[in-house]
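A closer look at the structure
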Amino acid sequence: MLDFMEKIKIAEAVSAFTDWITDTFSFLFNPIKNQLGNFMDWFSDKLAAIPPIIVILIVVIAAFFISGKRVGLPIFSLIGLWLIYNQELWEELMFTFALVLVASILAVIIGVPFGILMSKSRTAESIITPILDFMQTMPAFVYLIPAVAFFGIGMVPGIFASVIFATPPTVRFTNLGIRQVSKELVEASDAFGSTGSQKLFKVELPMAKRTIMAGINQTVMLSLSMVVIASMIGSPGLGREVLSALQRAQVGPGFVAGIGIVILAIIIDRFTQNLNTEKKK
Amino acid sequence: MPVIKVEGLSKIFGKNINQAKKLLDKGTTKDEILKQTGCTVGVNRASFEVEEGEVFVIMGLSGSGKSTLVRLLNRLIEPTEGSVLVDGEDLAKVDKQTLRKVRREKMSMVFQKFALFPHRTILENAGFGLEIQGLEKNEQTKKAKESLELVGLGDYINQYPEQLSGGMQQRVGLARALANDPEVLLMDEAFSALDPLIRKDMQDELLDLQANMKKTIIFITHDLDEALRIGDRIALMKDGSIVQIGSPEEILVNPANDYVEKFVEDVDRSKVLTAEHIMKRPETINIEKHGPRVALERMKDEGISSIYVTDGKRNLKGYVTADDASDARKNEIRDLNEILRTDVPTVKKDTSMNDIFEVIYDSPIPIAVVEDGKLFGIIVRGAVIAALAGEGEVKLSNA
């Protein structure tokens, strides 16, 4: 009954398309791969070169002030980071952190303008929304394949896949935040003769800040999860430890590396959340 | 020349606007247009003029289109048709840049729910319009401060809106609008969100400010008492159309149609009506010509128990009672002066009903409306009650 047509060659088409992109845009991908790759090497080396005790102290002190001079987060950071150091995973931690940081920053730089665009134009919203849905529901592993095709293996494809996977929340929340700004405030800013950009920067973005920050928090967490998965295409860091433990069926080391990721996740999450609430009057 | 001249201004919401426009021109009702085209008529061919320095109140119930109308004036909502002439320039047609310039320099708006920016201090809120104009920072601060002092908030400049009470927040809203020194102030239900006592204070304060500033104010409200208190003229709206424009008195005394009359019914008339509205032509006798006998006859004819006495030039002399006149006739007293009583309860033409109440309450006789010693009319208790009940007996007396 259903065999009225041959199998549609979607897989072949996508492969061909990816090949075509790889060939056509290699002039673009290669410099990105080299430049970003060099930068990442330099950056993660520098991070790893800072004495752990200094990093831990900075984090603990920052945690103390960011969490409103409470002691919970600083104590957790101190013990957690010390534990990772103690398990000789410090360098991996720094690699992972460098990847998350860069991927998140890129995701935010890309995501916020798209979110603004979406909030300003219904057409843009109706086009971008399904794309975001697609990006978020597609299994994360799938992004690794074109990432390798475009950028080879290593840190750069990991960042590429993380950015694709982690951008949607920032876009969505920026859109939501701007659309949630009360109509009266928008009217007030119009009534006083604001230009579009005055309205955006003086009223809409400041008012939407908390919502956007919630989106950024999500983005950071998603990019952390993707950075771990990206170890499958050669990204260094804690994820690689998990992966190699998996390949060798070593429960113990796998667990330790996993705990390291959990600790990093909690610290990053609390930091970004508290940055959001800190400004509250 | 009027500052604002609105002609045939309409707003239709919906998709079949052209069709709806045609129906509107034929005079089809709002409900009928909604049924036929699915379009909502927000404002239906409104026309009016506002003079410089005038407080023009647009009043109507919710859904009457008053908030839409005020937003058509500064084009927060795009008009479907018609024109808004401000200083001779049609705002409905100008380009965006000119519109911005007008919004920055000529028209400011005060909002119902204050619409203050929660992330800005009071000073920054008040200076918002100036900041948008691109004024230099020092100048901004100076003008915003002056404006805040004008509304009595000079000490709160570093607070945030949420730290202030509703009344104070709206003062900030007012200060923000005044800081631009606009010609026209649009106030959209500016005091409606405040509780009654504060609202009254704010109305008084606005009137005080207005006495010095002489801005042109367009004030939207659903509260007739408020409209009557602050409006020089009032436009009443129903279903998107303006049904009557007039001074507070004209609207109260001569409602244009049943709708206005119904609206006016609930008003606390005691605040608006004055002695002049409810007085009637007095029965009098002339002290130079008449004696107690005539006085008694006149009272008998009219069925009253006392009568006012004037001279030939209507100067009030006093009154006589039926009992005194009857005694006088028996005792053959010819001169009215001997029985004349002078403890006359008087009010002036513009005395309000509230004050008339106090006088009439313990007066055994009708009270006299006197201006410069001349008797203009009398007020009987029944008239006061009738006026308060709004039974249509309120007619301007020509006395």
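Every chain is numbered on its own, with residues counted from 1 as its sequence reads. Labels are handed out in written order, letters beginning with A for the chains and numbers beginning with 1 for the ligands. This being a predicted model, a pLDDT of at least 70 is required before a residue's local features are given, and a value of 80 or more before pairs of side-chain atoms are given or counted; all residues contribute to the totals for chains, interfaces and linings. Working from all heavy atoms in the structure, the side-chain values ignore hydrogens and water.

This next bit is on the domain arrangement of chain B. Many analyses report the size of an interface as the accessible area lost when the parts associate. Annotation of chain B at the domain level lists domain 1 (52-83 + 93-268) and domain 2 (275-389). Boundaries between domains were set according to an automatic or database domain assignment. With centres defined by C-alpha atoms, the gap from domain 1 of chain B to domain 2 of chain B works out at 47 Å.

Before going further, it helps to examine the packing of aromatic side chains. Given two aromatic rings, their pairing is described by the distance between the two centres and the angle made by the two planes. To pair, rings of Phe, Tyr and Trp, with the six-membered ring standing in for Trp, must have centres within 6.5 Å; the planes then decide the type, stacked if under 30 degrees apart, edge-to-face if over 60, and tilted in the middle. Taken as a whole, this structure holds 18 aromatic pairs over all chains when the rule is applied. Plain terms: the ring middles of Phe117 of chain B and Phe128 of chain B are 4.5 Å apart, the flat faces sit at 45° to each other, and that makes the pair tilted. Of this pair, Phe117 of chain B sits in the loop between β6 (107-110) and α5 (122-126) while Phe128 of chain B sits in helix α6 (residues 128-133), and the two are 11 residues apart along the sequence. Residue Phe128 of chain B is classed as buried on the basis of its relative accessible area, which comes to 0%. Between Tyr308 of chain B and Tyr319 of chain B the ring centres are 6.1 Å apart and the planes differ by 65°, which places this aromatic pair in the edge-to-face class. Here Tyr308 of chain B, found in strand β12 (residues 306-310), pairs with Tyr319 of chain B, found in strand β13 (residues 316-321); they are 11 residues apart in sequence, far enough to count as distant. Grouping residues by exposure puts Tyr308 of chain B and Tyr319 of chain B together as buried. The rings of Phe17, Trp20, Phe25, Phe27, Phe29, Phe150, Phe151 and Phe160 of chain A are connected pair by pair, giving a single aromatic cluster. Only DSSP runs of H or I with at least four residues qualify as helices, and only runs of E with at least two residues qualify as strands; both kinds are numbered from the N terminus onward. Partly exposed residues are those whose accessible area sits between 20% and 50% of the maximum for their type, while under 20% is buried and over 50% is exposed, using a 1.4 Å probe and protein chains only.

Before going further, it helps to examine the interface of chain B and chain A. With 28 residues of chain B at the interface, the matching set in chain A holds 17 residues. Note: buried area is the sum, over both parts, of the accessible area (probe 1.4 Å) each one loses when the two are combined. Contact between chain B and chain A buries roughly 1,900 Å² in total, counting both sides, with carbon and sulfur atoms accounting for 63%. Broken down residue by residue, the surface that chain B buries against chain A is led by His119, Phe128 and Ile132 of chain B, which jointly contribute 23%. Salt bridges are identified by distance alone: a Lys or Arg side-chain nitrogen within 4 Å of an Asp or Glu carboxyl oxygen. Remark: the boundary between chain B and chain A carries 2 salt bridges. Those elements giving two or more residues to the side of chain B that touches chain A turn out to be α4 (96-105), β6, α6 and α8 (166-179) of chain B. Ranked by residues supplied to the side of chain B that touches chain A, first place goes to α6 of chain B with 4 residues. Residues belonging to the side of chain B that touches chain A are distributed by class as follows: 13 nonpolar, 6 polar and 9 charged. Note on definitions: a residue-residue contact is assigned when non-hydrogen atoms from the two residues lie within 4.5 Å. Only Asp, Glu, Lys and Arg are considered charged, only Ala, Val, Leu, Ile, Met, Phe, Trp, Tyr, Cys and Pro nonpolar, and every remaining residue, Gly among them, polar.

Residues and elements named next belong to chain B. One open sheet holds the 4 strands; their spatial order is β2-β1-β4-β5, and the pairing between them is antiparallel. Both outer strands of the open sheet, β2 (40-50) and β5 (89-90), are each paired with one neighbouring strand and no more. Strand pairing follows a simple DSSP-based rule, namely that at least 2 bridges must link the two strands. By the bridge criterion, 2 bridges tie strand β4 (residues 81-86) to β5 in an arrangement that is antiparallel. Considered in β5, the bridge of Val86 is made with Glu89. Lying over the sheet, helix α3 (residues 66-73) contacts β1 (4-13), β2 and β4, oriented at roughly 120° with respect to β1. Angles shown run from 0 to 180 degrees and are taken between the N-to-C directions of axes, each axis being a line fitted to C-alpha atoms and, for helices, limited to the stretch in contact.

Once that is clear, we can look at the sheet that holds strand β14 (residues 346-347) of chain B. Residues and elements named next belong to chain B. Taken in spatial order, the 3 strands make up an open sheet running β14-β15-β16, and their pairing is mixed. Bordering the open sheet on either side are β14 and β16 (374-379), each of which pairs with just one other strand. Relative to β16, strand β15 (residues 367-371) runs antiparallel, the two being bridged by 5 bridges. Pairing of Val369 across the sheet is with Gly377, part of β16.

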